[in-house]
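Spelled out from the first residue to the last, the chains are:
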Amino acid sequence: MKFMFVCLFTLCVGCAQESTLPSQEAGPAAEPTLVQDMSAQPTDGQLFEEGRRLQARADFKGAETRYRQAIAVAPSNPQYTFYLGTVLHATSRYGEARSLFEEAIRLKPDYAAPRIALGKLLYDVDGNSEAASKLLREALELAPQAAEARYTLALIQLREGQSEEAIRLFSELVEADSSNAQARTQLGLAYLQQGDIETAQSELKRATSSQPYYSAAFHGLGQTFIRQGNTVAGQRLLQRAQQLEEQATQLTPHQNALRQNPNQPEAHYNLASMYARFDRLRPAAQHFSKAIALDSTYALAYQGLGNLFLRLGTTAEARANYASRARALYLRALELNSQLAETHNNLGLLLHRSGNIQTAVQHYERATVIDPQAGFYQANLSRAYLDLKQYPEALQAADKALQITPTMTGARETLGDIYAAQKDWTNALKAWERIDPQDRPSELTQKIAQARMQNAP
């Protein structure tokens, strides 16, 4: 039975990662308190925290204002000076940022963070690897567990051709955190630079396993296979790397929108929809669920989450469980918005599969009324009518599906099935034989052979 569904170095002041499928029981996140009444004379700490919140939302102008206000109240606080430098660096005001990082170090000589930031700036902007490396080594002396300093120093060493030192530093990072795919990728590239292809390949395989969406790891791994003479595998991996880079490009504006509007359900929904498009189901589920947590009446988010559940489950029991959850989500979506054609169609699919064909037809019919130009809604309706042995209705729906989308092989196969169910082998063969032989599953090939036998004189 065929059904059709819709479906440069940077300054790091906070990091995030894709999480596992979330619970749907979480409530809405509270909006952080804003410093709104400046006449109340907020403390420097309040101004600083407000700056941090604005910076997290990529409101660099607002963050700069708050940090400057905090510094005006407490000019000797090195943290305020450092963070002001980070927002200026983010807006490419490198000269001012450099001065602020230097001032933060002057105010607190044992402060590692501004040394890391200044080291990155000196290497990225000035290309001064010697001064940058010196600052980063000083930062590691002050904060031996500073992974950012170690990674940046290792990357500089690798780019400057010091692969032995880079390998030592990257190895320390992956020993401390075996899931650090970024460091492991660079470790693999350092071995590749040395010509140790097998070790490079081993490290890069581990990187792609721990982070399957990190394009650099796939690109490096592809290079190792090409160096070994396995061009086919290498090119396939390079294509995967390019695909991931293209996905990242499409995801970036939605990620930026969410960063700027973390409490808007639409921002979570849009990002979730992009993740779902790329089969990245866990982050998609996380953001659909967050949209619902922020707005319990957001019908599209229930629909999106329901669609995800239909794609989950590796056993019959698990698939049945997810299907039950999807059905509940679809029903909730329709309670909130009865005009969701996709939800009607997909709920119809669930009911159809469970044997409740009469009710499935009601939802298919509703989907075709709401969106009469969606050929696959008509195709699903046609299949349901066929299963109910309502042949005239089935033929009408199949014809409509093929008028809308003449290339829809599923609808054409159903059309042949309708004729075959009525022993009209001539028209059944006409429908089936119009399907490209390369697109015919083995079951259809068998049906054609049997029809030819039945139609033989």
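Above: the structure in question.
The structure displayed is predicted, hence computed values, not measured ones.

What counts, and at which threshold
- Residues numbered from 1 in each chain as written.
- Predicted model: local features only at pLDDT ≥ 70, side-chain atom pairs only at ≥ 80, totals over all residues.
- Heavy atoms only, no water.
- Phe/Tyr/Trp six-rings, centres within 6.5 Å; stacked < 30°, edge-to-face > 60°.
- Helix = DSSP H or I, 4+ residues; strand = E, 2+ residues; numbered from the N terminus.
- Buried < 20%, exposed > 50% of the residue type's maximum accessible area, 1.4 Å probe, protein only.
- Lys NZ or Arg CZ within 6 Å of the ring centre and 35° of its normal.
- Expected span 1.5 Å × (residues − 1).
- Contact = heavy atoms within 4.5 Å.
- Salt bridge = Lys/Arg side-chain N within 4 Å of Asp/Glu carboxyl O.

Attention now goes to the packing of aromatic side chains. Summed over the entire model, instances satisfying the criterion amount to twelve aromatic pairs. For the pair Phe48 and Tyr83, a centre-to-centre distance of 5.3 Å together with 80 degrees between the ring planes defines the contact as edge-to-face. Residue Phe48 is found in helix 1 (residues 44-56), and its partner Tyr83 is found in helix 3 (residues 78-90); the two are separated by 35 residues along the sequence. By relative accessible area, which is 4% here, Phe48 ends up buried. Look at Tyr83 and you get buried, because its relative accessible area is 10%. Both rings, one in Tyr151 and one in Phe170, keep their centres 5.7 Å apart while their planes meet at 65 degrees; by these two values the pair is edge-to-face. With Tyr151 in helix 7 (residues 147-159) and Phe170 in helix 8 (residues 163-176), this residue pair connects regions lying 19 residues apart in the sequence. Judged by its relative accessible area of 14%, Tyr151 falls in the buried class. Assessed through its relative accessible area of 0%, Phe170 is described here as buried. Every member of this aromatic cluster is reached through a ring pair, and the members are Phe48, Tyr67, Tyr80, Phe82, Tyr83, Phe101 and Tyr111. In this arrangement the basic side chain of Arg240 is found over the ring face of Phe218, its NZ or CZ atom lying 5.9 Å from the centre.

The terminal C-alpha atoms of helix 12 (residues 231-260) lie 43 Å apart, and with 30 residues this matches the ideal 44 Å at 1.5 Å per residue to within 8%. Burial in helix 12 covers these residues: Ala233, Gly234, Leu237, Leu238, Ala241, Leu244, Gln247, Leu251 and Leu258. Elements in contact with the buried residues of helix 12: helix 11 (215-227), helix 13 (265-277) and helix 14 (281-294).

Turning next to the environment of Leu107. In this structure, Leu107 sits in helix 4 (residues 94-107). Setting aside anything within four residues of it in sequence, one finds Leu107 in contact with Pro75, Ser76, Asn77, Pro78 and Thr81.

Further remarks concern the pattern of salt bridges. If you walk through the whole model with that rule in mind, you get 23 salt bridges. Salt-bridge contacts for Lys108 lead to Asp110; the nearest nitrogen and oxygen are separated by 3.1 Å. The class of Lys108 is partly exposed, set by a relative accessible area of 34%. Under the relative-accessibility criterion, Asp110 is labelled partly exposed at 45%. Several salt bridges converge on common partners, so that one network encompasses Arg137, Arg150, Glu165, Arg168 and Glu172.

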